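# Observations on the model geometry
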Amino acid sequence: MRIWGHDAERRFFGDQHWREPLRWNQSAERQQERQKVFCSSMADVFEERKDLDPLRERLWSLIANTPWLDWLLVTKRPECVPKMVPWNNDWPAHVWLGTTAENQECAMHRLPYLLDTPAKVRFVSCEPLVGAVDLGPWIGPNGLDWVIAGGESGARARPMQPKWVEKIYQQCKKAGVSFFFKQWGTFGQDGMHRSKKDNGNLFQGNLVHEYPDAHRTTSISSDAI
């Protein structure tokens, strides 16, 4: 079955998968320690497909019933968010909204939409970072709360230049914005092609890793590219 592409059929998880966040929420409440959920790691919650509407409604209900989980919703389509979420201007504090910006063109198109939403935490994932990105216009007061950066993985990966990461990091540091460097990916800091294990996730510099990457995941559909 073909699952990639706009017109491809989507695959969905079963009820057991949907119940897992309820257990995580109970555990977090018992321990009095919040947990993060990176939602739909292989999907886009805000994909414009009517067949996903029932799944979105189920997700909004699940989010409402898990107040001890911080839900990280990441999308390539921030312009679609206002017409799909049920919260209008009163977003729950435990819903974080992010968008991807792999190059400057994507940043310029998507970040204004992201920052026009009233989400309590708004972040950008510059991963895979395949070009230089200047976050200056969106990283000041009332702008981004968190920035993620990382390289591309896979057989067709493109190398990430250290200067691209350094610029983003310095902008975050100057503005007091949390920064998380996720990985080098297929190419290392020296530009050499090697395994992700050999590359490691280290970046030369005193990086601030507040808001570490979520270790819990849930998904409502397969990715749409």
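Note that this is a predicted model, so its numbers are computed, not measured.

## Some thoughts on the overall build of the chain
Scanning the chain from terminus to terminus reveals five helices and seven strands. Listed N to C, the secondary structure of the chain is α-β-α-β-β-α-β-β-α-β-α-β in terms of helices and strands. Taken across its 225 residues, the chain has 51% of its residues classed as buried.

## Structural notes on the packing of helix α1 (residues 15-31) against helix α2 (residues 53-64)
Running from N to C, α1 and α2 point in directions that differ by 25°, and their axes come no closer than 10 Å. When the axis of α1 is compared with that of α2, the two are roughly parallel. In the crossing of α1 with α2, the sense of the turn from one axis to the other is right-handed. Across the interface between the two elements, D15, W18, P21 and L22 from α1 touch L55, R58, L59 and L62 from α2. Of the residues assigned to the contact of α1 with α2, the class counts are six nonpolar, no polar and two charged.

## Comments concerning the packing of aromatic side chains
A complete count under the given rule lists seven aromatic pairs for this structure. Measuring from centroid to centroid gives 5.9 Å for W96 and W146, while their planes differ by 85°, and the two rings are edge-to-face. Linking W96 in strand β3 (residues 95-100) with W146 in strand β5 (residues 146-149), this pair joins segments that are 50 residues apart in sequence. When its relative accessible area of 6% is taken as the criterion, W96 is described as buried. Ring geometry for F123 and W146: centres 5.0 Å apart, planes at 45°, overall tilted. Of this pair, F123 sits in strand β4 (residues 121-126) while W146 is found in strand β5, placing the two residues 23 residues apart along the sequence. W146 matches F123 in its accessibility class, with the two residues each being buried. An aromatic cluster is built from F46, W60, W87 and W91, whose rings are joined through pairwise contacts.

## A few points about the pattern of salt bridges
When their charged atoms lie close together, side chains carrying opposite charge are able to pair. Counted according to the given criterion, the structure contains nine salt bridges. Among the salt bridges present, the one from D44 reaches R77, with a minimum N-O distance of 2.6 Å. Of this pair, D44 sits in the loop between β1 (35-39) and α2 while R77 sits in the loop between β2 (69-75) and β3, placing them 33 residues apart in sequence. Residues participating in the shared-partner salt-bridge network are K50, D53 and R56.

## Considering the environment of Q171
Locating Q171 in the fold gives a position in helix α4 (residues 162-175). Q171 gets classed as buried once you look at its relative accessible area, which sits at 17%. Within the structure, the side chain of Q171 is placed 2.6 Å from the side chain of D134, a separation counted as a polar contact.

## Focus on the state of the cysteines
What the rule picks out here adds up to zero disulfides. For the unlinked cysteine C126, the closest cysteine sulfur is that of C172, found at 8.1 Å.

## Let's talk about the environment of V95
Tracing the backbone shows V95 in strand β3. The exposure class of V95 is buried, given its relative accessible area of 0%. Along the backbone, V95 and L69 are 26 residues apart, and their C-alpha atoms lie at a distance of 8.6 Å. Residues in contact with V95, not counting those within four places in the same chain, are I63, W71, L73, W87, A119, K120 and V121.

## Remarks on α1
With 17 residues, α1 should reach 24 Å at 1.5 Å per residue; the first-to-last C-alpha distance of 25 Å fits that figure. Every buried residue of α1 is accounted for by H17, W18, P21, W24, N25, S27 and A28. Positive backbone phi, approximately 55°, marks Q32, located one or two places after α1.

## Structural notes on the pairing of β3
Most of β3 is tucked away, with six of its six residues classed as buried. Here β3 shows no split at all, with V95, L97 and T99 on one side and W96, G98 and T100 on the other all buried. With five bridges joining them, β3 and β4 adopt parallel strand pairing. When the bridges of β4 are listed, G98 appears paired with F123. Following the backbone out of β3, through helix α3 (residues 104-115) and into the adjacent parallel β4, one traces a crossover that is right-handed.

Reading the values: rules and limits
- Residues numbered from 1 in each chain as written.
- Predicted model: local features only at pLDDT ≥ 70, side-chain atom pairs only at ≥ 80, totals over all residues.
- Heavy atoms only, no water.
- Helix = DSSP H or I, 4+ residues; strand = E, 2+ residues; numbered from the N terminus.
- Buried < 20%, exposed > 50% of the residue type's maximum accessible area, 1.4 Å probe, protein only.
- Axes fitted to C-alpha atoms, helices over the stretch in contact; angles between N-to-C directions.
- Parallel < 35°, antiparallel > 145°, perpendicular 65-115°, else oblique.
- Left-handed = near helix turned anticlockwise from the far one by under 90°.
- Contact = heavy atoms within 4.5 Å.
- Nonpolar A, V, L, I, M, F, W, Y, C, P; charged D, E, K, R; others polar.
- Phe/Tyr/Trp six-rings, centres within 6.5 Å; stacked < 30°, edge-to-face > 60°.
- Salt bridge = Lys/Arg side-chain N within 4 Å of Asp/Glu carboxyl O.
- Polar contact = N/O pair within 3.5 Å; in protein donor to acceptor, adjacent residues only side chain to side chain.
- Disulfide = S-S within 2.5 Å.
- Expected span 1.5 Å × (residues − 1).
- Pairing = 2+ DSSP bridges.
- Right-handed = clockwise from strand over helix to strand, strands pointing away.

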